[in-house]
Amino acid sequence: MLFNSLQYLVFLPVTWALFWTVPASRRVDLMLVASYVFYATWSIPYAAMIFGLVVMNYVFGLVLSGAREKRRMLLASFIVVDVAVLCVFKYLDFGVRSFAAASNTLFGTLLDPPLLQLVLPLGISFFTFEFIHYLVDIYRGDVAVHSFSKFHVFSAFFPTQIAGPIKRFQQFVPSLNSLDRFDTQLARDGLWLIGRGLVKKVLLGDRLAPWVGDGISAAADGAIGTTDAWVTILAFALQVYFDFSGYTDIARGSAALFGFRIPINFDMPYLATSLTDFWRRWHISLSSWLRDYVYIPLGGSRRPTGIVMLNLLFTMVIAGLWHGAAWHFAAFGAMWGVGLALQYFFRKRISPPQTWPVAVAGWLFTMLFYLLSLVFFRTPDFHAAGVMFQAMAGNGVGSGTQTARGTVFVIGIAVALLASWQVSRLGWWPHVRMPTGLLRPALLGAAASVGVVIASVAAPAASEAFFYFQF
């Protein structure tokens, strides 16, 4: 069930009205039922698998909390089980194919092993990271959740179950303890977020997708013009931002309507003035998770410079592979790892002055680096990436494809985006107030439904699935 679908148009207000109608003591149970209905519209068997993973990690948490000896071994064992499930679905075929290809190339073998070809369960990467953080935090001293329903709703919560943001249970608990009252201000914020997310996704992201697809297809076929290559990557940079941040807005807005507060996942990332600053602003829940549960356990920045640089490289390769089981995703992560490592190395020796020319230069470099990294992220393989890099370097082949027609649209969106950011930073947005007496659950549901209908009418003929659903 997509957020921008007719199904969700019906599902959200109905669930909303029922949620605030039932007694407060039953609202967690209703949310659980709604979450499994939401997931089961895609796959009933995988919904059952998610239930099994929830039960398993609930038991893991209780066992780890009660253990007094060999806690490190228990934690490692539990994490291995969670990661193994992820690897079977997401990485096993990739590993088998890579091993066979390497053997055939190096040793002249003719390996052609059978593959499982399993369908990747939606959201499994996000589920796994939430389970791991929960277990690690118990190991570090947090109290395990003894209420199965509370742990269950944290794990299966439908607004975030497919593409995040990656939640922390400690941040989720306050919302669970305040479901006995309807927060009108939070609901108002939720409506605004849903509307903003639909505009980003349907009116902007989906309209950029055709130009991106045309350009990537041309690169995969081996020929793309220089202008087309740059327009394609710029269009994709805008598309992936509008698509993913739009999803996050709708997820956070939907959660807010039910009284749940979900942390932000984006903070004006395209205003970043350094590579580090970019990851503080982009996909914040993932970057902070990698910092807290991969980079810092490896020693963080407390180790010698060479080790810190290797830790940064390793962490970003993990980030790349988290996005997809393919070597071009690993290359995307490795490129960022090298960039962050070199930035760390030079900043240890050079401290540039905090002036606006330095900030502008840092922004230009960061955006150029980001656009180049997106070539690895979006192209299907290294051949297409090579064609794209060659075209972007000025050696493009062909011109006048459909992608070039998107230049004005892409530039217009980019200028409007930067202008809106600047206006919001200066506090120029008018403070629109609504009578709180109108903010009843049923009326809010109807208002959200009208917003979905308007956005759907204005949408392109073919609505795109959210880009991050594949991860």
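Higher on the page you've got the structure.
Residues numbered from 1 in each chain as written. Predicted model: local features only at pLDDT ≥ 70, side-chain atom pairs only at ≥ 80, totals over all residues. Heavy atoms only, no water.

As for the overall build of the protein
Step number 1: Summing up its helical and strand segments, the protein has 18 helices and 0 strands in all.
Step number 2: In the protein, which comprises 471 residues, the share counted as buried stands at 51%.
Step number 3: In the protein, the proportion of contacts linking residues at least 24 apart, taken out of those at least 6 apart, comes to 79%.
Step number 4: Of the accessible surface of the protein, which amounts to about 21,500 Å², a share of 67% is contributed by carbon and sulfur atoms. (Helix = DSSP H or I, 4+ residues; strand = E, 2+ residues; numbered from the N terminus. Buried < 20%, exposed > 50% of the residue type's maximum accessible area, 1.4 Å probe, protein only. Contact = heavy atoms within 4.5 Å. Areas by Shrake-Rupley, 256 points an atom, 1.4 Å probe, with all protein chains shown as cover.)

Examining the packing of aromatic side chains
Step number 1: The final tally for this structure, using the stated rule, is 61 aromatic pairs.
Step number 2: Ring plane angle 85° and centroid distance 5.8 Å describe the contact between F158 and F258, whose orientation is recorded as edge-to-face. Taken as a pair, F158 in the loop between helix 7 (148-156) and helix 8 (169-176) and F258 in the loop between helix 10 (226-257) and helix 11 (275-281) lie far apart in primary sequence, 100 residues in all. When sorted by exposure, F158 lands in the same class as F258, which is buried.
Step number 3: Taking the centre distance of 5.7 Å and the plane angle of 15° together, the rings of F278 and W282 count as stacked.
Step number 4: When its relative accessible area of 4% is taken as the criterion, W282 is described as buried.
Step number 5: The cationic tip of K167 hangs over the ring face of F172; the distance from NZ or CZ to the ring centre is 5.8 Å. (Phe/Tyr/Trp six-rings, centres within 6.5 Å; stacked < 30°, edge-to-face > 60°. Lys NZ or Arg CZ within 6 Å of the ring centre and 35° of its normal.)

A look at the nonpolar core
Step number 1: Grouped together as the largest cluster of nonpolar side chains are 127 residues, with contacts concentrated most on F260, Y270, F278, W282, W336, Y370 and M388.
Step number 2: Top contributing element to this core by residue count: helix 10, with 15 residues. (Core = buried A, V, L, I, M, F, W, Y, C linked by side-chain atoms within 4.5 Å.)

A word on the side chain of S155
Step number 1: As for its position among the elements, S155 is in helix 7.
Step number 2: In this structure S155 comes out as buried when scored by relative accessible area, which is 2%.
Step number 3: In contact with S155, other than residues within four places in its own chain, are V54, F127, E130 and F131.

Examining the pattern of salt bridges
Step number 1: Taken as a whole and assessed by the stated rule, the structure comprises 11 salt bridges.
Step number 2: With a shortest N-O distance of 2.9 Å, R26 and D29 are connected by a salt bridge.
Step number 3: Classification of R26 as partly exposed rests on a relative accessible area of 47%.
Step number 4: Two residues, D249 and K200, come together in a salt bridge whose shortest N-O distance is 2.9 Å. Taken together, the residues span a long stretch of sequence, with D249 in helix 10 and K200 in helix 9 (residues 184-220) at a distance of 49 residues. Judged on exposure class, the residue D249 and its partner K200 are both buried.
Step number 5: Each of R168, R291 and D292 takes part in a single network of salt bridges with overlapping partners. (Salt bridge = Lys/Arg side-chain N within 4 Å of Asp/Glu carboxyl O.)

Points about the packing of helix 7 against helix 8
Two packed helices can be described by the angle between their axes and the distance between those axes.
Step number 1: Two elements in contact, helix 7 and helix 8, have axes whose closest approach is 11 Å; the angle formed by their N-to-C orientations is 115°. Relative to helix 8, the element helix 7 is oriented roughly perpendicular. The hand of the helix 7/helix 8 crossing is right-handed. Facing helix 7, whose interface residues are K150, F151, V153 and F154, helix 8 presents F169, F172 and L176.
Step number 2: Looking at the contact of helix 7 with helix 8 residue by residue, the class counts come to 6 nonpolar, no polar and 1 charged. (Axes fitted to C-alpha atoms, helices over the stretch in contact; angles between N-to-C directions. Parallel < 35°, antiparallel > 145°, perpendicular 65-115°, else oblique. Left-handed = near helix turned anticlockwise from the far one by under 90°. Nonpolar A, V, L, I, M, F, W, Y, C, P; charged D, E, K, R; others polar.)

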